[in-house]
Each structure stands twice: as structure tokens, then as C-alpha cells.
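# Working through the structure, step by step
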Amino acid sequence: MLSIVLSLGGSILLPEIHQPNIKPYISVLTKISAKYRLFVVVGGGGTARQYISLARTFDADEAFSDELGILVTRLNATLLIGALGERAYPKVVESHTEALCAGESGKIVIMGGITPGQTTDAVAAVLAERVRASLFINLTAVDGIYSADPRKDPKANRYEKMTASDLLEVVVGQHAVAGVNTVMDIVAVKMVERCGIPLLVMDGRDPNLLLETLETGKISGTLVSPKGENPLPFR
Ligand code: UTP
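Computed from a predicted structure; not experimentally measured.

It is worth spelling out the side chain of Thr222 at this point. Locating Thr222 in the fold gives a position in strand E7 (residues 222-224). The buried category is assigned to Thr222, whose relative accessible area is 0%. A distance of 2.8 Å separates the side chain of Thr222 from the backbone nitrogen of Ile145, its partner in a polar contact. Excluding anything up to four places from it in sequence, Thr222 contacts Gly144, Ile145, Arg158, Tyr159, Glu160, Met162, Leu199, Leu200 and Val201.

Before going further, it helps to examine the packing of helix H3 (residues 45-57) against helix H4 (residues 62-84). It is at 9 Å that the axes of H3 and H4 come closest, and there the two elements cross at 150 degrees. Taken together, the axis directions place H3 and H4 in an arrangement best described as roughly antiparallel. The way H3 lies across H4 gives a crossing that is right-handed. Contacts between H3 and H4 involve Thr47, Ala48, Tyr51, Ile52, Ala55 and Arg56 from the first element and Glu62, Phe64, Ser65, Leu68, Gly69 and Val72 from the second. Within the contact of H3 with H4, the residues separate by chemical class into 7 nonpolar, 3 polar and 2 charged.

Looking down a regular strand, the side chains alternate between one sheet face and the other. Within strand E1 (residues 3-8), 6 of the 6 residues are buried, which leaves the element mostly enclosed by the surrounding structure. Neither face of E1 is exposed, since Ser3, Val5 and Ser7 on one face and Ile4, Leu6 and Leu8 on the opposite face are all buried. Where E1 and strand E2 (residues 37-42) come together, 6 bridges link them in parallel fashion. Counted as the bridge partner of Ser3 is Arg37 from E2. Taken together, the 5 bridges between E1 and strand E4 (residues 135-140) define a ladder with parallel strand orientation. Across the sheet, Ile4 pairs through a bridge with Leu135, a residue of E4.

As a matter of local geometry, the ligand sits amid 24 residues, with Gly44, Arg49, Asp66, Thr115 and Thr120 nearest to it. Within the backbone of Gly44, one N or O atom sits 2.5 Å away from an oxygen atom of the ligand. Here a nitrogen atom of the ligand and a backbone polar atom of Thr115 are 2.6 Å apart. Bound to the protein, the ligand loses 95% of the 580 Å² it would expose on its own.

Here we take up the pairing of E2. Counting buried positions over the 6 residues of E2 gives 5, a clear majority of the element. By the bridge criterion, 3 bridges tie E2 to strand E3 (residues 109-111) in an arrangement that is parallel. Bridge pairing in E3 links Phe39 to Val109.

Reading guide: rules and limits
- Residues numbered from 1 in each chain as written.
- Predicted model: local features only at pLDDT ≥ 70, side-chain atom pairs only at ≥ 80, totals over all residues.
- Heavy atoms only, no water.
- Helix = DSSP H or I, 4+ residues; strand = E, 2+ residues; numbered from the N terminus.
- Buried < 20%, exposed > 50% of the residue type's maximum accessible area, 1.4 Å probe, protein only.
- Polar contact = N/O pair within 3.5 Å; in protein donor to acceptor, adjacent residues only side chain to side chain.
- Contact = heavy atoms within 4.5 Å.
- Axes fitted to C-alpha atoms, helices over the stretch in contact; angles between N-to-C directions.
- Parallel < 35°, antiparallel > 145°, perpendicular 65-115°, else oblique.
- Left-handed = near helix turned anticlockwise from the far one by under 90°.
- Nonpolar A, V, L, I, M, F, W, Y, C, P; charged D, E, K, R; others polar.
- Pairing = 2+ DSSP bridges.
- Near = heavy atom within 4 Å.
- Areas by Shrake-Rupley, 256 points an atom, 1.4 Å probe, with all protein chains shown as cover.

In C-alpha cells, the structure reads:
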């Protein structure tokens, strides 16, 4: 069975505690896991940012704020496990090796953050390498990778295809502090460059788009792959 790793941003799954988007994901993740070995890395979303902002008012250092962010990602991951019930491996795994072993259960494996100084995109990228995934998908609140932040710059262009080194150039100017909301963190991009596993960055706000993409191979975000090759649809 082919493996797929999803980086499911907290801003998609649970933008705020009173604004959950978990239910629509249940059936989609269940359908995908019937065909693929599925690993999902859950982000911290607005709640993580709120905790981090609060910690800064106490002059907490950035690494401490990262630890708070990690706890929130694990809290969100626990909620997703609860929502998936028997379909999920019952524990939030805390290392890549643990995820690899949990994958043997055939259940959907859920992870959050693991170590300060990065985001869950980096956790997911290393996981893709570790489980030899056929595809790494980053589900975000933007429909792909742009030359600049499309919410701030109306002239920003969306890339349909690019290599990991092109993406590295895009992210290199970004500022890395706890809770920062960027297209993808630099550690994640470095890992994608290293392992050569195709990465798809796409809008995760409508989970049906994810299903459609896997079934038809029609890509609606940005494909990051060494030679621009589209691995979808898998046959
Ligand atoms: P996220 O991965 O959720 O970051 O981790 P994000 O970019 O805010 O993503 P969305 O909004 O969920 O899509 C939240 C914070 O937790 C810390 C970082 O401070 C990060 O910004 N974190 C997370 C770590 O330090 N290490 C990890 O492995 C994961």
C-alpha cells in the first residue's frame, strides 16, 4: 500500500475552538485511508498563536513559546483521534519512528509537533521521508505557493509547478519566530529538497478538493517535484 503524509494546518482543522472544521474531514480521511496508508500531522492554528502571544507578554523566550505551540498541536491531534474513533491509531505519536511502527496497525496515524524551532510542516516532511511516502500534501488556507503573500500583495503570482530549490528561494526571506504563519517553514522545504518526494501545496478549506485531486490527478495547487512530474493519479 502506498503511503501519503498530510500536513493539516490548525488553521484548516480548527481555526478557532468555536470554529471547528473537523467533521467534514472525517469521511474524507476515512476514504483516503481505505486506499493508502495515511499519516496526518496536525497544526496548532489560532489557539497556538493565542497561547504564544500570551507567553510573550510574560517575556517568555521563543523556545518556551514553541513548547506551548507543540502542546496545542498535540491537543488538536488528540481531538482528531477522538473524532476518527476506531479508524485512528489511538495515541498521538511523538516521534517519527513511533509513527512508522504505528503505521503497521493499518490505522490513520496522527502526530503533532515534536521539537522547538520548526512547525508541523517540518515534522510532516521528515515523516514523508521516514515512511517513504509517495506524496506529501500540505493543506493550507491558501490555494498554493505564491511569489508573495497573496493576502497582502495583489500582484503575487501563483506557481503551478516548481522545484524544491525554487521554493527554498521563496521561503528564505521569511522570519522564523514561534507562531509565525508562513507558506512553509524552511526546515520543511530543506527536507523536501533532500528526499525528492513530490509535495503538493493546496487549499485545505474544502476537504472534498483533496479527494477529487487524489482520484483525478487534476492538481489545483502548487506541485513541488524535482522534474515537474505529477505522480497522480496513483494506479
Ligand atoms: P504549527 O505547525 O501549527 O504552525 O505550529 P503554523 O505555521 O502556525 O501552522 P497552522 O496555523 O497550524 O497552519 C504552531 C507553533 O508550534 C511550534 C511553533 O512555534 C509553531 O509556530 N512548533 C510546532 C514547534 O516549535 N515545533 C514543532 O515541531 C511544531
